[in-house]
Amino acid sequence: LELSNGTARILVADHSVTVRDGIFDFAGGSIEVPAAGFQISRDGIERFWCRAEGSSLDLVRLYREDYFLQVSDEFRPQLRSGRLSGSLHANWTPADGLSYGTEVRLRDVSAALEHRGVQIESVDAEGSISSSGRVTVRQARGRLFGGRAEAAGSFEIVGDQLLDTRLEIFFSDIEQDENL
């Protein structure tokens, strides 16, 4: 994957580099970077910041680039289709570390959990992720086990644990299946 066919204004002044009004082709969609940059001193990077928006990125192309390998084999889906759109804001300083927030929209995602024999189709979802590890699912809908599934709520990821889980999942018209 690479950024291509793009333009941006790059400003270099007073120990800083700033990117403005960037737009690039990426993963079958586009990335817009309204603002990003960093400040440097003799000691190194003093601050980094970024705001970016992705539109209609091909989830299968992103997935094949090993971004999702931290998910265990047993639960890692085999993606067949899907589009990802969303926004990111991030800020880093040596004193405060990294803080970020994302808004994510998934459209028409189809996948299989091959170890479980589960087919997941026509998933649409919207949510957010914060640097504290909080994941909010505003809505998620799709086909599963021959019926429909919907989810909404939130949970926190701390290390490899899910904490403070407040996620509601609803199923309708589910067929009998040995994988349930």
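Just above sits the structure.
Structure report, in brief. Source: prediction; values computed, not measured.

About the criteria used
Residues numbered from 1 in each chain as written. Predicted model: local features only at pLDDT ≥ 70, side-chain atom pairs only at ≥ 80, totals over all residues. Heavy atoms only, no water. Helix = DSSP H or I, 4+ residues; strand = E, 2+ residues; numbered from the N terminus. Buried < 20%, exposed > 50% of the residue type's maximum accessible area, 1.4 Å probe, protein only. Contact = heavy atoms within 4.5 Å. Areas by Shrake-Rupley, 256 points an atom, 1.4 Å probe, with all protein chains shown as cover. Lys, Arg positive; Asp, Glu negative; His and termini not counted. Charge placed at Lys NZ, Arg CZ, Asp CG, Glu CD. Pairing = 2+ DSSP bridges. Salt bridge = Lys/Arg side-chain N within 4 Å of Asp/Glu carboxyl O. Axes fitted to C-alpha atoms, helices over the stretch in contact; angles between N-to-C directions. Patch = residues over 30% accessible without salt bridge, like charges linked within 9 Å, V, L, I, M, F, W, Y side chains within 5 Å.

1. So, the overall build of the chain
Link 1 in the chain: Along its length, the chain carries one helix and ten strands.
Link 2 in the chain: Taken along the three principal axes of its C-alpha coordinates, the chain extends 65 × 35 × 25 Å.
Link 3 in the chain: A buried classification covers 32% of the 180 residues belonging to the chain.
Link 4 in the chain: Taking contacts inside the chain between residues at least 6 apart in sequence as the whole, the part at least 24 apart equals 38%.
Link 5 in the chain: Carbon and sulfur atoms provide 50% of the accessible area of the chain, an area that totals close to 11,700 Å².
Link 6 in the chain: Charge separation in the chain, taken as the distance between the mean sites of 19 positive and 29 negative side-chain charges, equals 4 Å.

2. Quick look at the pairing of strand β10 (residues 161-172)
Link 1 in the chain: The pairing of strand β9 (residues 147-158) with β10 spans ten bridges and is antiparallel. Residue pairing across strands places Glu150 opposite Phe170, the latter belonging to β10.
Link 2 in the chain: Linking two consecutive strands that pair antiparallel, namely β9 and β10, is a turn of two residues; a positive phi of about 65° is found at Gly159 within it.

3. Here we look at the pattern of salt bridges
Link 1 in the chain: Counted by the stated rule, this structure contains seven salt bridges.
Link 2 in the chain: Between Arg9 and Asp21 there is a salt bridge; the shortest N-O distance is 3.2 Å. Of this pair, Arg9 sits in strand β1 (residues 4-13) while Asp21 sits in strand β2 (residues 16-26), and the two are twelve residues apart along the sequence.
Link 3 in the chain: The exposure class of Arg9 is partly exposed, given its relative accessible area of 47%.
Link 4 in the chain: Judged by relative accessible area, which is 49%, Asp21 ranks as partly exposed.
Link 5 in the chain: Between Glu121 and Arg143 there is a salt bridge whose closest N-O contact spans 2.4 Å. Of this pair, Glu121 sits in strand β7 (residues 118-130) while Arg143 sits in strand β8 (residues 134-144), placing them 22 residues apart in sequence.
Link 6 in the chain: The class of Glu121 is partly exposed, set by a relative accessible area of 29%.
Link 7 in the chain: You can call Arg143 partly exposed: its relative accessible area is 39%.
Link 8 in the chain: A cluster of three or more residues bridged by salt bridges with shared partners is formed by Arg134, Asp164 and Arg166.

4. Brief notes about the sheet that holds strand β3 (residues 29-41)
Link 1 in the chain: If you trace the ten strands from one edge of the open sheet to the other, you get β1-β2-β3-β4-β5-β6-β7-β8-β9-β10, paired in antiparallel fashion. Of all the strands in the sheet, just β1 and β10 have a single pairing partner and so form its edges. For this sheet, the mean inter-axis angle between neighbouring strands, taken without regard to orientation, is 10°.

5. Overview of the environment of Ile129
Link 1 in the chain: Relative to the elements of secondary structure, Ile129 occurs in strand β7.
Link 2 in the chain: Residue classification places Ile129 among the partly exposed residues on the basis of a relative accessible area of 34%.
Link 3 in the chain: Spatially, the C-alpha atoms of Ile129 and Glu103 are 6.8 Å apart, while their sequence positions differ by 26 residues.
Link 4 in the chain: Excluding residues that lie within four positions of it along the chain, Ile129 makes contacts with Tyr100, Gly101, Thr102, Arg134 and Val135.

6. Things to note about the side chain of Thr102
Link 1 in the chain: One can find Thr102 in strand β6 (residues 97-113).
Link 2 in the chain: Accessibility expressed as a relative area gives 17% for Thr102, which makes it buried.
Link 3 in the chain: Leave out the neighbours within four places in its chain, and Thr102 touches Ser87, Leu88, Gly127, Ser128 and Ile129.

7. Digging into a nonpolar patch on the surface
Link 1 in the chain: A surface patch of nonpolar side chains, about 240 Å² in accessible area, is lined by Ile40, Ile45 and Phe48.
Link 2 in the chain: As for its placement among the helices and strands, Phe48 is situated in strand β4 (residues 44-58).
Link 3 in the chain: Take Phe48: its relative accessible area is 33%, and that puts it in the partly exposed class.

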